[in-house]
Amino acid sequence: MKTILIDGRWQAAQDERTIDVIDPSNAKVFSSISRGGEADVKLAVDAARRALSGPWGKMTATERGRLLQKLGELILANAEEIAQLEARDTGKPITVARNDVKVVARYFEFYGTAADKIHGETIPYLEGYNVSLVRVPHGVTAHIIPWNYPAQMFGRSLAPALAMGNATVLKPSEDACLSGIKIAELAIEAGFPPGALNLVTGYGHEAGAALTAHPGIDFATFTGSPEVGVMVQEATARNHVACVLELGGKSPQIVFEDVDFDKALPVIVKAITQNAGQTCSAGSRLLVQESIYDKFVAAVAERFKAVTVGTPEMDLDCGPIVNKKQYDRVRKFISEAVESGVPLLAEGAFGKDLPADGYFVKPAFFGRVPRDHRLACKEVFGPVLSAIPFKDEEDAIELANATEFGLAAGIWTENGGRQARVSQRVLSGQVFINCYGAGGGVELPFGGVKKSGHGREKGLLALEEMSTTKTVVHYYK
Ligand code: NAD
């Protein structure tokens, strides 16, 4: 399959190598993608550079916005095909994949309608001068996205960059990129000029590393693991290129004794089992006030037992883990916790007749996890929830802030003063009060503090990230 898009044309890797695409539900190869490398990245960056001085660079913001909206419409018109690709590639339940496709269409609609509403400023200065602050694209932007929400990430990363007039090169994850390839095909159909959107499939250490180190890029945005985030920042720093990093999390759900059980329970269970826990903002730590700990945790355990795991077509709560490496990693977290004596309070269940070799893991709920245990501090990136008791508000805040991450947090209390105090002191990029919003929320700026990364995607703030300013000083006397 020719899956590299450069200058509006699909091509194989320069050295014609390929990568097998594996179905996580049965570990069988069902397709292949081109294994792009340094030579392909160079061609893609050159094409993007040319696009900036070609038809793409000359388009008005309104015209760019219309193209984005058209792409959003085409995504919806082809929604079922994209959802089927996404489900097969990642293993996620088909209903979840269908929803993800709606979200990616929404990204193109949101940023398409915003493209011509980002204005500059004028600055009062000396007599005889007009000074304007003009918002301009970075130029060539590099986009590296992970496998957990490939379609959503495609829209989240590219739509604001294209809306601001950048020419883009995207390197999707080698583990799941089929939906992105289809959406890139639709971008050509929508009429994006050659070179505006280039796609290089391949491995991270090859195509990804070549892209972030390329001296021809002007900006980079990366979503993935904290370890690779460091590599990306080092590579871009060598060319003095700024980057946005969206990394991992260990997000707390902080449950106070006045919690409304009925409101909180379904949301809390979904926040860790959604996408089989492979969500950067998964609510993976359940912090519960000691006075209600046993009662609340027992109610969570009851619901956990009802969570079911199956193939995309079975359309249960969770699918398999995306690949063998992550599968082994998640299972190791679970077995080590059991061996070290952490109480396993509940497990989800497998659906009937699962394929033998699929990467299925039963969601696991652990109680009274010691505060310094690996499970309480490290990101599992799987359906594993750790409950930890706290004494009072002060203790809750200290515990919530006790990891190296800070991506999202949930606060569950009916007390208004407490809602305000805790939300102010929790260190994270997003805070949810009596709700939780992993995924979706196109309008809501998203990103982390501490080792969860820096910079913001989503919402109108992403348009600022994906552009820079030029100060124009005009002397008219
Ligand atoms: P990963 O860091 O291994 O891969 C992410 C992307 O980076 C992939 O496209 C990969 O090919 C590429 N890559 C790998 N090595 C590279 C290198 N040396 N140079 C450039 N690119 C390289 O992460 P993953 O396994 O795909 O995803 C899991 C991790 O991502 C988890 O830790 C999770 O928390 C994080 N994540 C964060 C967010 C977020 O929005 N903050 C979203 C999804 C996943």
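Residues numbered from 1 in each chain as written. Predicted model: local features only at pLDDT ≥ 70, side-chain atom pairs only at ≥ 80, totals over all residues. Heavy atoms only, no water.

Enquirer: Give me the overall build of the chain: which residues, what numbers.
Expert: Per the secondary structure count, the chain includes 16 helices and 22 strands. The principal-axis extent of the C-alpha atoms belonging to the chain is close to 75 × 60 × 40 Å. The 477 residues of the chain split such that 58% are buried. When the accessible surface of the chain is split by element, carbon and sulfur atoms take 52% of a total near 19100 Å². Charge separation in the chain, taken as the distance between the mean sites of 51 positive and 57 negative side-chain charges, equals 2 Å. (Helix = DSSP H or I, 4+ residues; strand = E, 2+ residues; numbered from the N terminus. Buried < 20%, exposed > 50% of the residue type's maximum accessible area, 1.4 Å probe, protein only. Areas by Shrake-Rupley, 256 points an atom, 1.4 Å probe, with all protein chains shown as cover. Lys, Arg positive; Asp, Glu negative; His and termini not counted. Charge placed at Lys NZ, Arg CZ, Asp CG, Glu CD.)

Enquirer: Pulling in residues and values, what's your account of the domain arrangement of the chain?
Expert: Along its sequence, the chain is organised into domain 1 (4–247) and domain 2 (252–441). Between the C-alpha centres of domain 1 and domain 2 there is a distance of 31 Å. Each side of the interface is counted separately: domain 1 has 21 residues, and domain 2 has 26 residues. Between domain 1 and domain 2, the buried area comes to about 1900 Å², and carbon and sulfur atoms account for 57% of it. Remark: the boundary between domain 1 and domain 2 carries 0 salt bridges. (Domains from an automatic or database assignment. Contact = heavy atoms within 4.5 Å. Buried area = accessible area lost by both parts, 1.4 Å probe. Salt bridge = Lys/Arg side-chain N within 4 Å of Asp/Glu carboxyl O.)

Enquirer: Mind laying out the site of the ligand, listing which residues take part and the relevant values?
Expert: The full set close to the ligand counts 30 residues, and Lys171, Glu174, Ser225, Leu247 and Glu379 are the nearest of them. Within the backbone of Ile145, one N or O atom sits 2.8 Å away from an oxygen atom of the ligand. Contact with the protein chains hides 91% of the accessible area of the ligand, taken as 840 Å² for the molecule alone. Listing elements by their share of the shell around the ligand, those giving two or more residues are helix H6 (150–163), helix H8 (204–213), strand S10 (219–223) and helix H9 (226–238). Among the elements that line the shell around the ligand, the one with the most residues is H8, at 4 residues. (Near = heavy atom within 4 Å. Polar contact = N/O pair within 3.5 Å; in protein donor to acceptor, adjacent residues only side chain to side chain.)

Enquirer: I'd like to hear about the sheet that holds strand S12 (residues 252–255), residue by residue, with values.
Expert: Pairing is mixed in the open sheet, where 7 strands are placed in the order S15-S17-S18-S13-S12-S19-S20. The open sheet terminates on both sides in strands that have one partner only, identified here as strand S15 (344–347) and strand S20 (430–433). Each strand axis lies, on average, 20° off the axis of its neighbour in the sheet, ignoring direction. Helix H10 (residues 261–273) rests against S12, strand S13 (285–289), strand S18 (384–390) and strand S19 (408–412) of the sheet, and its axis sits at about 160° to S19. Against the sheet, helix H11 (residues 293–305) makes contact with S12, S13, S15, strand S17 (364–366) and S18, and its axis sits at roughly 30° relative to S15, the strand it touches most. (Pairing = 2+ DSSP bridges. Axes fitted to C-alpha atoms, helices over the stretch in contact; angles between N-to-C directions.)

Enquirer: How would you summarise the pattern of salt bridges if you had to cite specific residues and measurements?
Expert: One pass over the full model with this rule turns up 30 salt bridges. The salt bridge partner of Arg156 is Glu457, with a shortest N-O separation of 2.7 Å. Of the two residues, Arg156 sits in helix H6 while Glu457 sits in the loop between strand S21 (453–454) and helix H16 (461–465), which places them 301 residues apart along the sequence. In this structure Glu457 comes out as buried when scored by relative accessible area, which is 1%. Of the charged contacts, one joins Lys324 and Asp328 as a salt bridge, the two residues approaching to 2.8 Å between their closest N and O atoms. Of this pair, Lys324 and Asp328 both sit in helix H12 (residues 324–339), 4 residues apart, roughly one helical turn. The exposure class assigned to Lys324 is partly exposed, which follows from its relative accessible area of 44%.

Enquirer: Before we move on, could you go through the pairing of strand S7 (residues 140–144) and cite the residues and values that matter?
Expert: Most of S7 sits inside the fold, with 5 of its 5 residues counted as buried. Residues of S7 alternate between two faces, with Val140, Ala142 and Ile144 on one and Thr141 and His143 on the opposite face, all of them buried. Where S7 meets strand S8 (residues 167–171), 5 bridges bridge the pair, whose relative direction is parallel. Bridge pairing in S8 places Ile144 opposite Lys171. As a crossover connection, the stretch from S7 through H6 into S8 is right-handed. Pairing of S7 with S10, which is carried by 4 bridges, proceeds in the parallel orientation. Each residue of the ladder has a partner; that of Ala142, found in S10, is Ala220. (Right-handed = clockwise from strand over helix to strand, strands pointing away.)

Enquirer: Hey, could you go over the packing of H6 against helix H7 (residues 178–190) for me, with residue numbers and the actual values?
Expert: A pair of packed helices is characterised by two quantities: the angle between their axes and the separation of those axes. Where H6 meets H7, the closest approach of the two axes is 8 Å, and the angle between their N-to-C directions is 45°. By the angle between their directions, the pair H6 and H7 is classed as oblique. For the pair H6 and H7, the sense of crossing is right-handed. Contacts from Pro150, Ala151 and Phe154 in H6 reach Ser179, Gly180, Ile183 and Ala184 in H7. Looking at the contact of H6 with H7 residue by residue, the class counts come to 5 nonpolar, 2 polar and no charged. (Parallel < 35°, antiparallel > 145°, perpendicular 65-115°, else oblique. Left-handed = near helix turned anticlockwise from the far one by under 90°. Nonpolar A, V, L, I, M, F, W, Y, C, P; charged D, E, K, R; others polar.)

Enquirer: Talk me through the environment of Ala301; I want residue IDs and the actual numbers.
Expert: Looking at the element boundaries, Ala301 is found in helix H11. When the C-alpha atoms of Ala301 and Leu345 are compared, they prove to be 6.3 Å apart, with 44 residues separating the residues in sequence. Those residues within four positions of Ala301 in sequence are excluded, and the remaining contacts are Leu345, Ala346 and Phe365.

Enquirer: Give a detailed account of the packing of H10 against H11, specifying residues and quantitative values.
Expert: Two elements in contact, H10 and H11, have axes whose closest approach is 10 Å; the angle formed by their N-to-C orientations is 55°. Between H10 and H11, the interaxial angle falls into the category oblique. The way H10 lies across H11 gives a crossing that is right-handed. Residue-level inspection shows Phe261, Ala264, Leu265, Pro266, Ile268, Val269, Ile272 and Thr273 of H10 in contact with H11, the latter providing Lys295, Phe296, Ala299, Val300, Arg303 and Phe304.

Enquirer: Kindly report on helix H4 (residues 79–90), identifying the contributing residues and their values.
Expert: Compared with the 16 Å implied by 1.5 Å per residue over 12 residues, the 16 Å span of H4 between its first and last C-alpha is a close match. Those residues of H4 that sit buried are Ile82, Ala83, Glu86, Ala87, Asp89 and Thr90. Packed against the buried residues of H4 are strand S3 (18–23), strand S4 (28–34), helix H3 (61–77), helix H5 (94–114), H6 and H7. (Expected span 1.5 Å × (residues − 1).)

Enquirer: Lay out the state of the cysteines in plain terms, naming residues and giving numbers.
Expert: Applying the stated criterion across every chain, the model contains 0 disulfides. Cysteine Cys318 shares no disulfide, and the gap to the nearest cysteine sulfur, in Cys280, comes to 16 Å. The thiol sulfur of Cys435 is not disulfide-bonded, and the nearest other cysteine sulfur, from Cys280, lies at 17 Å. On the basis of relative accessibility, which here comes to 34%, the residue Cys435 falls in the partly exposed class. (Disulfide = S-S within 2.5 Å.)

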